[in-house]
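# Architecture at a glance
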Amino acid sequence: GMTVERTSLVVYNMMWGTVTGGLAVGSVLLMAKLQSKCTSPRWSKHSILNLAVRVSGAVPAEQRFGHMIFKECVLRNPTSVDLGFLGHVTMPLAMTLVRIFVVSVPTIAT
């Protein structure tokens, strides 16, 4: 059978791997949320682009040109995160990683 020391080492390694993997997946999820918060056209996301469009009518006349330029910059150069091995980080990619993590942790632990 396994000794107490060996069992403790296995449990420690599984816990360390779970925490490290959780932090990595959580970081990718936050990166995907950053991109979504900047450029999503959906009202529910409260993105920078959505906010800029909503306040367009309230912008003073002398600031309208600058406001229009800002909206164009957000549309043409959206904020995004690219990771070399994953490519462009999006919410669907982040959720796929979350699902893989949630399924793999109990599988590895058994």
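### Side note on the overall build of the protein chain
Check the secondary structure of the protein chain and you find 4 helices and 2 strands. Taken from N to C terminus, the helices and strands of the protein chain fall in the order α-α-α-β-β-α. Compactness check: the protein chain gives a C-alpha radius of gyration of 22 Å against a globular reference of 13 Å for 110 residues, more than 25% above the reference. Viewed in the frame of its principal axes, the protein chain has a C-alpha envelope of about 80 × 25 × 20 Å.

### Brief notes about helix H1 (residues 4–39)
With 36 residues, H1 extends 53 Å from end C-alpha to end C-alpha; this agrees with the ideal 52 Å at 1.5 Å per step. Among all positions in H1, only Gly21, Val25, Val28, Ala32, Gln35, Ser36, Cys38 and Thr39 are buried.

### Some thoughts on the nonpolar core
Counting residues in hydrophobic clusters, the biggest one holds 6 residues: Val28, Ala32, Val81, Leu83, Val89 and Ala94. Residue contacts for Leu83: discarding those within four places in its chain leaves Val28, Met31 and Val89.

### A look at a nonpolar patch on the surface
On the surface, Leu9, Tyr12 and Trp16 cluster together to form a nonpolar patch covering roughly 370 Å² of accessible area. If you trace the backbone, Leu9 turns up in helix H1. Note on Leu9: relative accessible area 42%, which makes it partly exposed.

### Observations concerning the confidence of the model for the protein chain
When pLDDT is averaged along the protein chain, the result is 85, and 95% of the positions lie at 70 or above. Per-element confidence in the protein chain ranges from a low mean pLDDT of 84 for helix H2 (residues 48–54) to a high of 89 for helix H3 (residues 64–76).

### Thoughts on the environment of Phe65
Structurally, Phe65 is set in helix H3. Sequence separation of Phe65 and Ser27 is 38 residues, and the distance between their C-alpha atoms is 37 Å.

### Thoughts on the pattern of salt bridges
Pairing is possible between side chains of opposite charge, provided their charged atoms come close. Summed over the entire model, instances satisfying the criterion amount to 1 salt bridge. Residues Arg76 and Glu72 are paired through a salt bridge, measuring 2.9 Å at the closest nitrogen-oxygen approach. Of the two residues, Arg76 and Glu72 both sit in helix H3, 4 residues apart, roughly one turn of that helix.

So, how was this worked out
- Residues numbered from 1 in each chain as written.
- Predicted model: local features only at pLDDT ≥ 70, side-chain atom pairs only at ≥ 80, totals over all residues.
- Heavy atoms only, no water.
- Helix = DSSP H or I, 4+ residues; strand = E, 2+ residues; numbered from the N terminus.
- Rg over C-alpha atoms; globule rule 2.2 N^0.38 Å.
- Expected span 1.5 Å × (residues − 1).
- Buried < 20%, exposed > 50% of the residue type's maximum accessible area, 1.4 Å probe, protein only.
- Core = buried A, V, L, I, M, F, W, Y, C linked by side-chain atoms within 4.5 Å.
- Contact = heavy atoms within 4.5 Å.
- Patch = residues over 30% accessible without salt bridge, like charges linked within 9 Å, V, L, I, M, F, W, Y side chains within 5 Å.
- Areas by Shrake-Rupley, 256 points an atom, 1.4 Å probe, with all protein chains shown as cover.
- Salt bridge = Lys/Arg side-chain N within 4 Å of Asp/Glu carboxyl O.
- pLDDT = per-residue confidence, 0-100.

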